[in-house]
Structures are given as C-alpha cells and as structure tokens.
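Descriptive structure summary
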Amino acid sequence: MQLNEQQVRSLYGQDVQDQSGSTIGTVRQVWATAGHPAWVSVQTGGGRDPMAPLSNAQMQKGKLKVAYDQADVRSAPSVEPDNDTPLNAEQTTQLYAHYRMQPKQTPQAREELIRSEERLRVGTESQPAGKAVLRKNVVTENVHTTVPVEHDEVYVEREPITASDAGNVRAGIGEAQQEMQLRAERPVVAKDSVPVERVRLAKNEVVEDQPIDEQVRHEEIEANIPEPSRRRR
C-alpha cells in the first residue's frame, strides 16, 4: 500500500484488523524501509509491540486491515513501545522471514561516464557609441535688396495772363518771394527676430547581423569492448 505523508499520519491510533476482520490492536508507530512506509507497530496491550507489514494492507472504514491472521501478527518480531530507532538490516530480515515475504530489490547503481559539451551562448550588451550634439551658431550674411523711396521735385509753371484776365490781376513792380516745403523719403532698416524652423535630434534603432566566430568543445566517449563480449545486434 503506497501512502503519502498525510495518510501515514492518519494511521496513528487506527484499529488494526487481521484478514478475517478480527481486531488485533491499534497502530502505535509507522516504520520505513528504504525510505518508504513499510511496517506498523501494533499496540496489543502486551509489553512489546509486534510489527505488521503494510504491503497488501487496506484501509477499510477507517481501520487498517492486514493480509495475515491475528496469530501471525502477535507472534511477529516486536519492538519496545517507546522505541523510535529506525529498523536495522537484521530486524528487517527477521520481519521478511516471519511473514514469508521477499525483500524488495533495490536497483544497483551502474557505473557511468557523463559526457559534456560546451554550448555557445550569444547575447548582446549595450555600450556607448558616441554622442550626437545639436548646436546653434550665429552666422552673419550680406543681404542686398532695394526699396522704393519718394522725394519731391520742383519745376516752374508759367501761365500767360490774357487780356480778359488782366482786370483781375493787380500789377506791381517790386521784389517778392514764394516758398514751398519739399519732402523726401530715405531708407530705414530695422531687424526683427522671427521663428522659422524647429530642429531636434531623433534616432532609429537599426538591427544588423554581425558574424561571430568562436570555438566550443565537446566530449566523445569511445568504448573498447573485447570482441567476444560485444553484443551482437
């Protein structure tokens, strides 16, 4: 009977019955062989607790039913009630002999060689590759252009006085003067700063394949088997 840890804990204090259903006692402790639960010590009211195997045992209605008669269990090799020392090889052998059981064969470890090899692990790492700088400089350049300007030009108009108009014009001999205010435009230069363009740095990630040449090692195992001992396929 294969038991997990929870099932093992639940065995403690459970009634133990023989194959006919007669109660033998209760489970006091669970014992292991080769690291697996294999035996229980049965509290029967006597001085020592006989051991019963868990192989071919069954849990029925909360009771542990073993595949042996009550007499076989009571006469089995026993342990002291307060003993918790793991079973030794001699005790295990006596139990297997008493219950006419075959010990479980543990597989023998085979001598072997481990073959190893190197695997190439290729990755990437980020590193500085220079610095991009955006700098604004002031450049002076010559600009040649033209601008229209106005100015006053003076000329003399002469208009003869006819006989019909002579009566309306007063004649006089003497000096006189007439003035006219003249106007002229001149070029005036002013400078305005205006925004004309936005300039910024941007970058793109470019993926390219770079060749990598490296050496890796691996192991090879050769078998030198005498011809008479070589397996034929």
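Parameters and conventions
Along each chain, the written sequence defines residue order, and numbers are assigned to residues from 1. For a predicted model such as this one, the threshold for reporting local features is a pLDDT of at least 70, and the threshold for listing and counting side-chain atom pairs is 80 or more; totals across whole chains, interfaces and linings nevertheless cover every residue. Think of the side-chain values as coming from all heavy atoms in the structure, minus any hydrogens and water. Numbering of helices and strands runs from the N terminus, with a helix taken as a DSSP run of H or I at least four residues long and a strand as a DSSP run of E at least two residues long. Just to be clear, the radius of gyration here is over C-alpha atoms, and the globule rule we use is 2.2 Å times residues to the power 0.38. When accessible area is computed with a 1.4 Å probe and restricted to protein chains, residues below 20% of their type maximum are described as buried, those above 50% as exposed, and intermediate ones as partly exposed. Contacts were defined at the residue level, with two residues in contact if any of their heavy atoms lie within 4.5 Å. None of His or the chain ends enter the tally, which takes Lys and Arg as positive and Asp and Glu as negative. Lysine's charge is taken at NZ, arginine's at CZ, aspartate's at CG and glutamate's at CD. Among buried residues, the Ala, Val, Leu, Ile, Met, Phe, Trp, Tyr and Cys ones that are joined through side-chain atoms within 4.5 Å form a nonpolar core. In this description, strands pair whenever DSSP reports at least two bridges between them. A patch is a set of surface residues, each over 30% in relative accessible area and not in a salt bridge, joined within 9 Å for like charges and within 5 Å for the nonpolar side chains Val, Leu, Ile, Met, Phe, Trp and Tyr. In this description, accessible areas are obtained by the Shrake-Rupley approach with a 1.4 Å probe, and a residue is regarded as covered only by the protein chains that are shown. Salt bridges, as used here, are contacts in which a Lys or Arg side-chain nitrogen is within 4 Å of a carboxyl oxygen on Asp or Glu. The definition of a polar contact used here is a pair of N or O atoms within 3.5 Å, where within protein one atom must be able to donate a hydrogen and the other to accept one, and adjacent residues in sequence count solely through side-chain atom pairs.

**Quick word on the overall build of the protein chain**
- The helix and strand tally for the protein chain stands at four helices and seven strands.
- Ordered by position from N to C terminus, the α and β elements of the protein chain give α-β-β-β-β-β-β-α-β-α-α.
- Computed over C-alpha atoms, the radius of gyration of the protein chain comes to 60 Å, more than 25% over the 17 Å expected from 2.2 N^0.38 for 233 residues, which places it beyond the range of a compact globule.
- Seen along its three principal axes, the alpha-carbon backbone of the protein chain occupies a region of about 180 × 60 × 35 Å.
- Within the protein chain, the proportion of its 233 residues that are buried is 15%.
- Across the protein chain, contacts joining residues at least 24 apart in sequence account for 58% of those joining residues at least 6 apart.
- Charge-centre separation for the protein chain: the mean point of 29 positive side chains lies 11 Å from the mean point of 36 negative side chains.

**What to know about the nonpolar core**
- Ranked by size, the top nonpolar core spans 27 residues in total, and within it Leu11, Trp39, Val40, Leu64, Val73 and Tyr99 carry the most contacts.
- Among the elements of the structure, α1 (5–11), β2 (23–33), β3 (36–43), β4 (49–53) and α3 (89–98) are those that each provide at least two residues to this core.
- Excluding its chain neighbours within four sequence positions, the residues that come into contact with Val73 are Ile24, Val42, Pro50, Met51, Ala52, Val66, Tyr68 and Tyr99.

**Concerning the sheet that holds β3**
- Sheet architecture is open: seven strands sit in the order β5-β6-β1-β2-β3-β4-β7, paired in mixed fashion. At either end of the open sheet lies a strand with only one pairing partner, and these are β5 (58–60) and β7 (78–79).
- In the sheet, strand β1 (residues 15–17) pairs with strand β6 (residues 63–65) via two bridges, with the strands oriented parallel. Bridge assignment links Val16 to a residue of β6, and that residue is Leu64.

**Observations concerning a nonpolar patch on the surface**
- On the surface, a cluster of nonpolar side chains totalling about 370 Å² of accessible area is made up of Leu120, Val122, Ile212 and Val216.
- Looking at the secondary structure, you find Leu120 in the loop between α3 and α4 (163–166).
- For Leu120, a relative accessible area of 48% corresponds to the partly exposed category.

**Let's talk about the pairing of β2**
- Two strands pair when backbone bridges link them, and β1 and β2 are joined in this way by three bridges, in the antiparallel orientation. Within β2, the residue paired with Val16 across the bridge is Gly25.
- Taking the residues between adjacent antiparallel strands as the criterion, β1 and β2 are bridged by five residues, where Gly21 takes a positive phi near 100°.
- Across seven bridges, the pairing between β2 and β3 is antiparallel. When the bridges of β3 are listed, Trp31 appears paired with Trp39.

**Some remarks on the environment of Leu134**
- Within the element layout of this structure, Leu134 appears in the loop between α3 and α4.
- Judged by its relative accessible area of 46%, Leu134 is partly exposed.
- Each C-alpha atom of the pair Leu134 and Val199 lies 8.5 Å from the other, and the pair is 65 residues apart in sequence.
- If we ignore the near neighbours within four places in the chain, the residues touching Leu134 are Val199, Arg200 and Leu201.

**Thoughts on the side chain of Gln29**
- Position of Gln29 among the secondary structure elements: in strand β2.
- A distance of 2.7 Å separates a polar atom in the side chain of Gln29 from the backbone oxygen of Asn83.
- Those residues in contact with Gln29 that lie beyond four places of it in its chain are Tyr12, Trp39, Val40, Ser41, Pro81, Asn83 and Asp84.

**Looking at the environment of Thr162**
- Within the secondary structure layout, Thr162 lies in the loop between α3 and α4.
- A polar contact is formed between the side chain of Thr162 and the side chain of Ser164, at a distance of 3.0 Å.

**Regarding unusual backbone geometry**
- With a phi angle near 55°, Ala34 is a residue other than glycine that sits in the positive phi range.
- With respect to the helices and strands, the residue Ala34 is situated in the loop between β2 and β3.
- With a relative accessible area of 64%, Ala34 lands in the exposed category.
- In the Ramachandran plot, Lys61 falls in the positive-phi region, its phi being about 55° despite a non-glycine side chain.
- By the secondary structure assignment, Lys61 is in the loop between β5 and β6.
- For Lys61, a relative accessible area of 87% corresponds to the exposed category.

Note that every value here comes from positions in space, so none of it alone points to a role or purpose.
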